[in-house]
Amino acid sequence: MEKVEGCGRPSIGRPQRVDVDQIVAAAAACFAEHGYERTTMTMVAQHVSATKGMVYNHFKSKTDLLLAVYTVAMTRLFAGIDAADKPEQSGALRLESMLRAHAMTMMTDTDFVSVVIQGVQMQRMSGLSDEQRTILSDLNAARQKFEMRFRHAFDAGIEDGSVRRDDASLAVKAMLGAINWMAIWYRQSLDGQGPSREQIAQTLARGQVHGILSRTD
């Protein structure tokens, strides 16, 4: 799916035909930069040099667009931890690897994952259709399953002795909260200075896991 950099400067040129992926990527950029309330369908259309009608050909409403972005975000988040989760490793190593992968997704797909937070807040919105509420419910359930993947690794760590016995639910929420906060503070360095994404992900993951390691001394 095409990555769209920012939504502050609409593309300039004659209207062109666009596909669903381009529209969803543009919507992710706009939602991330301006928020759900301030983003308009016209803004999304301008960003990909399309007409508003072209956007409405694929999505009936701004809410449908947000749900589409939320869906892509969850798919990418799961893809990251799926590749990193190796059950043959100790629970502590699994947690570190999954947190590192999660942090990488937060940095490489910033626009999309920042919309997950907005998607969670949609539960309070009125005027959602039955279909939209069903989709939102499924997406929020997927978000819970995402958290449970880390819970399973944490529990495995308690079993194999690599993780101290602690409240798994609170510990995992704290670890994920630290990584999820990257949606607020992380901005890619344009001058290439500072640590790489890999270094940032590694530092954050190790820091979170260090606090729950089993102490045998």
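Here is what the cut-offs are and how they apply
Residues numbered from 1 in each chain as written. Predicted model: local features only at pLDDT ≥ 70, side-chain atom pairs only at ≥ 80, totals over all residues. Heavy atoms only, no water. Helix = DSSP H or I, 4+ residues; strand = E, 2+ residues; numbered from the N terminus. Contact = heavy atoms within 4.5 Å. Phe/Tyr/Trp six-rings, centres within 6.5 Å; stacked < 30°, edge-to-face > 60°. Buried < 20%, exposed > 50% of the residue type's maximum accessible area, 1.4 Å probe, protein only. Lys NZ or Arg CZ within 6 Å of the ring centre and 35° of its normal. Core = buried A, V, L, I, M, F, W, Y, C linked by side-chain atoms within 4.5 Å. Axes fitted to C-alpha atoms, helices over the stretch in contact; angles between N-to-C directions. Parallel < 35°, antiparallel > 145°, perpendicular 65-115°, else oblique. Left-handed = near helix turned anticlockwise from the far one by under 90°. Nonpolar A, V, L, I, M, F, W, Y, C, P; charged D, E, K, R; others polar. Salt bridge = Lys/Arg side-chain N within 4 Å of Asp/Glu carboxyl O. 1 Å grid on protein atoms, 1.4 Å probe; cavity = no way out; pocket = protein on both sides within 12 Å on 5 of 7 lines; lining within 4 Å. Points joined across faces, edges and corners; volume = space filled by probe spheres on them. Patch = residues over 30% accessible without salt bridge, like charges linked within 9 Å, V, L, I, M, F, W, Y side chains within 5 Å. Areas by Shrake-Rupley, 256 points an atom, 1.4 Å probe, with all protein chains shown as cover.

*Asks:* Could you clarify how one ought to interpret the environment of Lys52 in this entry?
*Replies:* By secondary structure assignment, the location of Lys52 is in helix H3 (residues 52-58). With 11 residues separating them in the primary sequence, Lys52 and Met41 have C-alpha atoms 6.3 Å apart. Excluding residues within four positions of it along the chain, Lys52 makes contact with Met41, Thr42 and Ala45.

*Asks:* Looking at this structure, how should I read the packing of aromatic side chains?
*Replies:* Working definition: an aromatic ring pair is given by the centre-to-centre distance plus the angle between the planes. Tallying each qualifying case throughout the model produces four aromatic pairs. Ring centres 5.5 Å apart and planes at 90° place the aromatic pair Phe78 and Phe146 in the edge-to-face group. Placement of the pair is Phe78 in helix H4 (residues 62-84) and Phe146 in helix H7 (residues 130-160), with a sequence separation of 68 residues. A relative accessible area of 19% places Phe78 in the buried class. Grouping aromatic residues by their ring pairs yields a cluster made of Phe78, Phe146 and Phe150. Looking at Lys62, its charged tip hangs above the ring of Tyr36, at a distance of 4.4 Å from the centre. Against the face of Phe112 rests Arg76, its NZ or CZ located 4.4 Å from the ring centre.

*Asks:* It is not clear to me how helix H6 (residues 110-121) should be interpreted in this structure. Could you clarify?
*Replies:* Note that an α-helix has 3.6 residues per turn; residues three or four places apart therefore point the same way. Of all 12 residues that make up H6, nine are buried, and the element is covered over most of its length. Within the span of H6, buried status applies to Thr110, Asp111, Phe112, Val113, Ser114, Val115, Val116, Gln118 and Gly119.

*Asks:* I keep staring at the nonpolar core and nothing clicks. Help me out?
*Replies:* Inside soluble globular proteins, nonpolar side chains tend to come together where they are buried. With 67 residues, the main nonpolar core has Leu65, Met74, Leu95, Phe150 and Phe154 as its most contacted residues. A per-element tally of this core places H4 first, with 12 residues.

*Asks:* Can you help me understand the packing of H7 against helix H8 (residues 168-180) in this one?
*Replies:* Each pair of packed helices can be described by the angle between their axes along with the distance between the axes. Contact pair H7 / H8: the axes reach a minimum separation of 9 Å and the direction vectors enclose 120°. The angle between H7 and H8 falls in the class oblique. As for how H7 packs across H8, the hand of that crossing is right-handed. Judged by residue contacts, Phe146, Glu147, Phe150, Arg151, Phe154 and Asp155 of H7 engage Ala168, Ser169, Ala171, Val172, Lys173, Met175 and Leu176 from H8. A per-class count over the contact of H7 with H8 returns eight nonpolar, one polar and four charged.

*Asks:* Looking at this model, I keep getting lost on the pattern of salt bridges. Mind explaining?
*Replies:* Where charged atoms of side chains with opposite charge meet at close range, the side chains can pair. One pass over the structure, following the stated rule, counts eight salt bridges. The shortest N-O distance in the salt bridge between Arg76 and Asp109 comes to 2.3 Å. You can see Arg76 sitting in helix H4 and its partner Asp109 sitting in the loop between helix H5 (91-108) and H6, a full 33 residues away along the chain. Here Arg94 makes a salt bridge to Asp85, at a shortest N to O gap of 2.8 Å. The same class applies to Arg94 as to Asp85, namely buried.

*Asks:* I would appreciate a short explanation of the layout of surface pockets in the present structure.
*Replies:* Empty space within the second largest pocket amounts to approximately 340 Å³. Only H4, H5, H6, H7 and H8 provide two or more residues apiece to the lining of the second largest pocket. Looking at which element gives the most residues to the lining of the second largest pocket, the answer is H6, with five residues. Here the residues of the lining of the second largest pocket are counted per class, giving 10 nonpolar, four polar and three charged.

*Asks:* In this structure, what is going on with unusual backbone geometry? I would like to understand it.
*Replies:* Glycine aside, a negative phi is what most residues show, and trans is what most peptide bonds show. With a phi close to 55°, Ser49 is a non-glycine residue in the positive phi region. Note on placement: Ser49 falls in the loop between helix H2 (41-47) and H3. You can call Ser49 buried: its relative accessible area is 10%.

*Asks:* Please explain a nonpolar patch on the surface as it appears in this structure.
*Replies:* A contiguous nonpolar patch, built from Ile117, Trp181, Ile184 and Trp185 and spanning about 440 Å² of accessible area, is present on the exposed surface. Position of Trp185 among the secondary structure elements: in helix H9 (residues 182-185).

*Asks:* Which parts of the structure should I look at to understand the packing of H5 against H8?
*Replies:* Orientation of H5 relative to H8, taken along the N-to-C sense of each, is 30°, at an axis distance of 9 Å. Considering the angle they form, H5 stands roughly parallel to H8. H8 is crossed by H5, and the crossing has right-handed handedness. Facing H5, whose interface residues are Leu95, Leu99, His102, Ala103 and Met106, H8 presents Met175, Leu176, Ile179 and Asn180. Looking at side-chain class alone, the contact of H5 with H8 contains seven nonpolar, two polar and no charged residues.

Read these as geometric descriptors, not functional statements.
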